[in-house]
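Chain by chain, the residues:
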Amino acid sequence: MNGEHKITGGHRARTALVYLRQSTLVQVREHTESTLRQYALAGTAVALGWAPRDVEVIDRDLGLSGTSAAHRQGFRDLMSRVCLGEAGAVFGLEISRLGRSNADLARLAEMARLTGTLLIDSDGVYDLSDFNDWLVLGLKSTMSQAELHIMAGRLQAARRAAAGRGELRAPLPAGLACDADGMVVTDPDAEVRAAVADIFACFFAAGPAYGVVAAFAGRKFPQRAYGGAWAGQLRWAPLTHHRVLQVLKNPAYAGAYVYGRCATRKKVDADGNVRTVTTKLPRAQWPVLIKDHHPGYITWEEYLAIEARLAASHTAAGARPVREGTALCQGIIICGGCGGPMAASYHGDDRASYECHSHRDGKKTPGCRSIMAHAVDDAVAAALLDALTPEQVGLALAAAGEVTSRHQRASSAAGLAVERARYEADRAERAFSQVEPENRLVARTLEARWEAKLAALADAGQALQAVRDALPPLTDRASLEKLAAGLPALWHAPTTTARDRKRLLRTLIADVTLLPEADRRKARIGIRWHTGAADELVIDRPKPTGIPAPTPSPATELIRRLGPVTSNAGLVTILSQHGYRTGAGRPFDIKAIQWVRRACHIPGPSAYRSGEISVSEAARRLGCSPGVVYYWTETGQLTARRGAGNRLCIPWTPETEAGCRARITASGHLNPAARRTRPRQHHRAAEPARKHEHP
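Note that the structure is a prediction, hence the values are computed from the model and not measured.

1. A short note on unusual backbone geometry
A positive phi is found at Asp292, a non-glycine position, where the angle reads about 55°. Within the element layout of this structure, Asp292 appears in the loop between β13 (288-290) and α12 (300-312). Note on Asp292: relative accessible area 72%, which makes it exposed.

And the structure:
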């Protein structure tokens, strides 16, 4: 072998590592000769002087690509053995078997140079401390990576060319199949077609993707298997939210052929490993998009509408979709104090209130407020209905007509640009057709000029299509005026749901802000319309619920005069005899009497008779806790009765107090001195006896 003289006894005293690798499992299965040649390197190491016990084969990376070492555990083990100085030589069939990446080979070469490890392949022995060997190895590493680049470039160019014609075949989703001629058609299975069509029908009817999942409850959906024993076959499984999004976002169901929706790039993670990251590209950056390529389940316009609806429901991206509940401004109301969103909280009987998120997070500012939802909703709804009067619709139509005229002028200019670009392309084509084929010097120039004109024509066509897509359809004036006239009745109709009102509100209003207001009895509301205009409303805050209306003065005076000596039930009877009513116009009951007592600080009649005291008073006199007194009453050691308000009333006499104090004195729990007076020698005397009984 070339360079065999570089192998010394020091190298043979260490381990010889034989590294095996093939890029794919197909190569391992079909290219068996290459595998056998790599295993035969162990015999080569023995022939070069290594003992058989000192030769180790590392074959964990068979079937793995050498473009990166992140997923090759065998290469990592090899590097660790080289770094520790345990390897005398590393054998490989060729240098590219060790790694296709310059970075991986450079690290291996540097560690081999520092530890005196040889690299050996079929071309010879490389001692990395020798500059010539290091240079040759570096050239071979660069050539290996260049070879990969050239092969990948050829393959990708062929793929892009086939994709540009719409002929590059990829696995089709459920509901689409290839016929005998290789053309994409809808699935011949009627059940599969119905399942796919029902997904789009349910989405247009139910709205969110979760609504589609609920509509498919108890029903399975077809999905095509990729890889494995069931590759290409249809399997039926329950429909999931992720599967619904896959169907709705796939342009193949709109009859479009797409190539290059995703792009891959290299990324270094926190551990220093190189990872491949896949990112989705926006539609404007798709390399190939061929509309009406094959039959679909929806039109391209419906696909764009679905895409817009999904984006409007993506809360992680800042969207605020319509949610459940009666709060009209839920999701679009903002706190004017801190600028954060306000959440809708519901209180049992379907009453809602708007509260600032900062209050929950403990970051409340002096300007943060909360308010009952119906107060804001009624004001915003009134502003919306006032804005949709026929007069306002007329102004909006006039403005929309001006905008439409501008768009049409821009579309006309873009159309003229397309016409001029087409003329230039046709002219370049005629010039190229007239040149003699043998005159390649002129033909190459004219061909390049023709290709440039065709590219300009394509760009002009895309610009025209973008202008046309930006032009929204405009409903005629009569239809809008009819809608504006009937909108109040539709808004207040019992058949109109809260979700429908929210959707209608968001078509015109961008957001609502509860602005800071110095007067606590008022609330200031800012409304920002989608047109960019803003309005400001000031409303009265609703009075807190649960507080009764003021009680008439004669009834209050009667309760104030008789309250200290009359029970609540007695006051109810007296007020009924006088014909008095509450401020809300209802007859007085015990709860109303309690409200008046609390508001006017009117005490009730005493629950204790002469000679009776409360539990707390008894505990105070005895110097113990109230729990001791409660215990005595429960166990019958102390007599008590239940008085008004379910209070315990204790007849208190000198004899009762003396008995309680005697119990306290005799109690070892309440009196620590009683525990110290008990003899303890009996316990000590009993201990030897117990020891004698149990030797």
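Read on, since the account is not over.
2. With respect to the pairing of strand β19 (residues 522-529)
Bridge count for strand β18 (residues 509-515) against β19 is six bridges, and the pairing is antiparallel. Bridged to Leu515 within β19 is Arg524. Linking β18 back to β19 in an antiparallel pair, the connection comprises six residues. When β19 meets strand β20 (residues 534-540), the two strands line up antiparallel, connected through seven bridges. Its bridge partner lying in β20, Gly526 is registered against Glu536. The loop that links β19 with its antiparallel partner β20 comprises four residues; one of these, Gly532, has a positive phi angle of about 100°.

3. Comments concerning the pairing of strand β12 (residues 274-280)
Relative to β12, strand β11 (residues 262-268) is paired through seven bridges, and the arrangement is antiparallel. The partner of Lys267 across the bridge, within β12, is Arg275. Linking β11 to β12, which pair antiparallel, is a turn of five residues; within it Gly272 sits at a positive phi near 90°.

4. Describing the pattern of salt bridges
Side chains that differ in charge, positive against negative, can pair when their charged atoms come close. Scanning the model with the defined rule gives 21 salt bridges in all. Linking Asp133 and Lys6 is a salt bridge whose minimum nitrogen-to-oxygen distance equals 2.4 Å. With Asp133 in helix α8 (residues 131-164) and Lys6 in the segment before α1 (9-12), this pair connects stretches of sequence that are 127 residues apart. A relative accessible area of 10% places Asp133 in the buried class. For the salt bridge of Arg661 with Glu657, the shortest nitrogen-to-oxygen distance reads 3.0 Å. Here Glu657 and Arg661 lie together in helix α24 (residues 654-666), a separation of four residues that amounts to about one turn.

5. Let's talk about helix α21 (residues 590-600)
Buried within α21 we find Ala592, Ile593, Val596 and Arg597. With its buried residues spanning 140° around the axis, α21 presents them on a single face. Exposed residues on α21 whose side chains face more than 90 degrees from its buried face are Lys591, Arg598 and Ala599. If you follow the buried residues of α21, they end up packed against α19 (553-562) and α20 (568-578). Looking one or two residues beyond α21, the residue adopting positive phi is His601, at roughly 60°.

6. Quick look at the sheet that holds strand β22 (residues 641-642)
With respect to topology, three strands assemble into an open sheet ordered β21-β23-β22, the strand pairing being antiparallel. In this open sheet, the two strands that pair with only one neighbour each are β21 (612-613) and β22. As paired elements, β21 and strand β23 (residues 648-651) share two bridges and run antiparallel to each other. When the sheet's bridge partners are listed, Glu612 is paired in β23 with Pro651.

7. Looking at the environment of Asp511
In this fold, Asp511 is placed in strand β18. Sequence separation between Asp511 and His530 is 19 residues, and the spatial gap between their C-alpha atoms is 8.6 Å. Of the polar contacts made by the side chain of Asp511, one reaches the side chain of Arg528; its length is 2.4 Å.

8. What to know about the sheet that holds strand β2 (residues 55-62)
Judged by pairing direction, the sheet is mixed, and its five strands sit side by side in the order β2-β1-β3-β4-β5 without closing on themselves. With partners counted over all chains shown, the strands left at the sheet margins are β2 and β5 (124-127), one partner each. When strand polarity is set aside, the average angle formed by the axes of neighbouring strands in this sheet is 25°. Sheet analysis places strand β4 (residues 118-121) next to β5, joined by four bridges and oriented antiparallel.

9. Quick notes on the confidence of the model for the protein
Summing up the model confidence of the protein, the mean pLDDT is 80 and the portion of residues at 70 or higher is 85%. Contacts from residues 681-695, a stretch scored under 50 in pLDDT, to residues over four places away or in other chains number one contact.

10. Some details on a nonpolar patch on the surface
A cluster of nonpolar side chains, Phe131, Trp134, Leu135 and Leu139, forms an exposed patch at the surface whose accessible area comes to about 430 Å². With respect to the helices and strands, the residue Phe131 is situated in helix α8.

Conventions adopted
- Residues numbered from 1 in each chain as written.
- Predicted model: local features only at pLDDT ≥ 70, side-chain atom pairs only at ≥ 80, totals over all residues.
- Heavy atoms only, no water.
- Helix = DSSP H or I, 4+ residues; strand = E, 2+ residues; numbered from the N terminus.
- Buried < 20%, exposed > 50% of the residue type's maximum accessible area, 1.4 Å probe, protein only.
- Pairing = 2+ DSSP bridges.
- Salt bridge = Lys/Arg side-chain N within 4 Å of Asp/Glu carboxyl O.
- Arc of directions from axis to C-beta.
- Contact = heavy atoms within 4.5 Å.
- Polar contact = N/O pair within 3.5 Å; in protein donor to acceptor, adjacent residues only side chain to side chain.
- Axes fitted to C-alpha atoms, helices over the stretch in contact; angles between N-to-C directions.
- pLDDT = per-residue confidence, 0-100.
- Patch = residues over 30% accessible without salt bridge, like charges linked within 9 Å, V, L, I, M, F, W, Y side chains within 5 Å.
- Areas by Shrake-Rupley, 256 points an atom, 1.4 Å probe, with all protein chains shown as cover.

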